[in-house]
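Overview (structure and organization)
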Amino acid sequence: QVQLVESGGGLVPAGASLRLSCAASRFSLSNYAMAWFRQAPGKEREFVAGIRWPAGTTRYTDSVEGRFTVSTDNANNTMYLQMNSLKPEDTAVYFCAARAIPVLSTGPEYYPYWGQGTQVTVSL
């Protein structure tokens, strides 16, 4: 079964940067979609950013457009989320998700594989 292992979360001040990593095993990154979701207390899990291959298309939610960048290192089966200019409203648990279909759906129900989640907290 596919395994996703996340790292890079932490506590940072507003305006800082973080880079999240998601290492995938038992999963080919040649024909797939991978995405980052986040969930804050009392809120629904929401799509943040994703990338699909072989096209290499990316997609972002409006609130992170221009601040976050999603990318992959296909040779190492790793997806990254570079987060710049972090805001307190970015505070959430961030999840890595994957599916073996190259379509970037925004609903979490479309993704059968998930990481454990990593906490990102942005202070004032």
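What you see as residue numbers is a count from 1 along each chain, following the sequence as written. Restriction of local features to residues with pLDDT of at least 70 applies here, the model being predicted, together with a cutoff of 80 or more for giving and counting side-chain atom pairs; totals for whole chains, interfaces and linings are based on all residues. As a rule here, side-chain values cover all heavy atoms of the structure and leave hydrogens and water aside.

Details of the overall build of the chain
- On a plain count of helices and strands, the chain comes out with 0 helices and 11 strands.
- Helices and strands in the chain line up, N terminus first, as β-β-β-β-β-β-β-β-β-β-β.
- We compute the radius of gyration from the C-alpha atoms alone; for a globule the expected value is 2.2 Å times N to the 0.38, where N is the number of residues. In terms of C-alpha radius of gyration, the chain reaches 13 Å, essentially the compact-globule figure of 14 Å for 124 residues.
- C-alpha extents for the chain along the principal axes are approximately 40 × 30 × 25 Å.
- Three labels apply to residues, based on accessible area from a 1.4 Å probe with only protein chains included: buried if under 20% of the type maximum, exposed if over 50%, partly exposed otherwise in between. Per-residue burial for the chain yields a buried fraction of 45% across its 124 residues. Secondary structure elements are taken from DSSP: a helix is a run of H or I of four residues or more, a strand is a run of E of two residues or more, and numbering for both begins at the N terminus.

Focus: the pattern of salt bridges
- Salt-bridge detection follows one rule: a side-chain nitrogen of Lys or Arg within 4 Å of a carboxyl oxygen of Asp or Glu. Overall, the coordinates contain 3 salt bridges when judged by the stated rule.
- Between Glu46 and Arg38 there is a salt bridge, with the nearest N and O atoms lying 2.7 Å from each other.
- Taking the shortest distance from any N to any O, the salt bridge between Asp90 and Arg38 comes out at 3.0 Å. Linking Asp90 in the loop between strand E8 (78–83) and strand E9 (92–99) with Arg38 in strand E4 (residues 32–39), this pair joins segments that are 52 residues apart in sequence.

Observations regarding the sheet that holds E8
- A pair of strands counts as paired when DSSP detects no fewer than two bridges linking them. One open sheet accounts for 4 strands, arranged E1-E3-E8-E7; its pairing is antiparallel. Pairing within the sheet leaves two strands with one partner each, and these edge strands are strand E1 (3–7) and strand E7 (68–73). Averaged over neighbouring strand pairs, the angle between their axes works out to 15° when direction is ignored.
- The pairing of E7 with E8 spans 6 bridges and is classified as antiparallel. Along E8, the bridge assignment pairs Phe68 with Met83. Orientation is described by axes fitted as lines to C-alpha atoms, over the contacting stretch for helices, and by angles from 0 to 180 degrees between their N-to-C directions.

Looking at the packing of aromatic side chains
- Only the six-membered ring of Trp is used, alongside the rings of Phe and Tyr, when aromatic pairs are assigned; centres must lie within 6.5 Å, and planes under 30 degrees apart are stacked while those over 60 apart are edge-to-face, with the rest tilted. Applying the stated criterion across every chain yields a total of 4 aromatic pairs.
- Ring geometry for Phe37 and Tyr111: centres 5.4 Å apart, planes at 70°, overall edge-to-face. A residue pair is termed long-range when its members are at least 10 positions apart, and Phe37 in strand E4 and Tyr111 in the loop between E9 and strand E10 (113–114) qualify at 74 residues.
- When the ring of Phe37 is compared with that of Trp114, the centres are 5.1 Å apart and the planes differ by 50°; the resulting orientation is tilted. Here Phe37, found in strand E4, pairs with Trp114, found in strand E10; they are 77 residues apart in sequence, far enough to count as distant.
- Residue Trp114 is classed as partly exposed on the basis of its relative accessible area of 25%.

A look at the environment of Val64
- Counting through the fold element by element, Val64 comes out in the loop between strand E6 (57–60) and E7.
- Taking the C-alpha atoms as reference, Val64 lies 27 Å from Ser28; in sequence the two are 36 residues apart.
- Should any heavy atoms of two residues lie within 4.5 Å, those residues are counted as being in contact. The contacts of Val64, once residues within four sequence positions are left out, are Arg38 and Val48.

What to know about the side chain of Thr78
- In this structure, Thr78 sits in strand E8.
- Residue classification places Thr78 among the buried positions, given a relative accessible area of 10%.
- Under the rule applied, a polar contact is a pair of N or O atoms within 3.5 Å (in protein, one hydrogen donor and one hydrogen acceptor; residues adjacent in sequence only if both atoms are side-chain atoms). Side-chain polar atoms of Thr78 contact the backbone oxygen of Asn76, separated by 2.9 Å.

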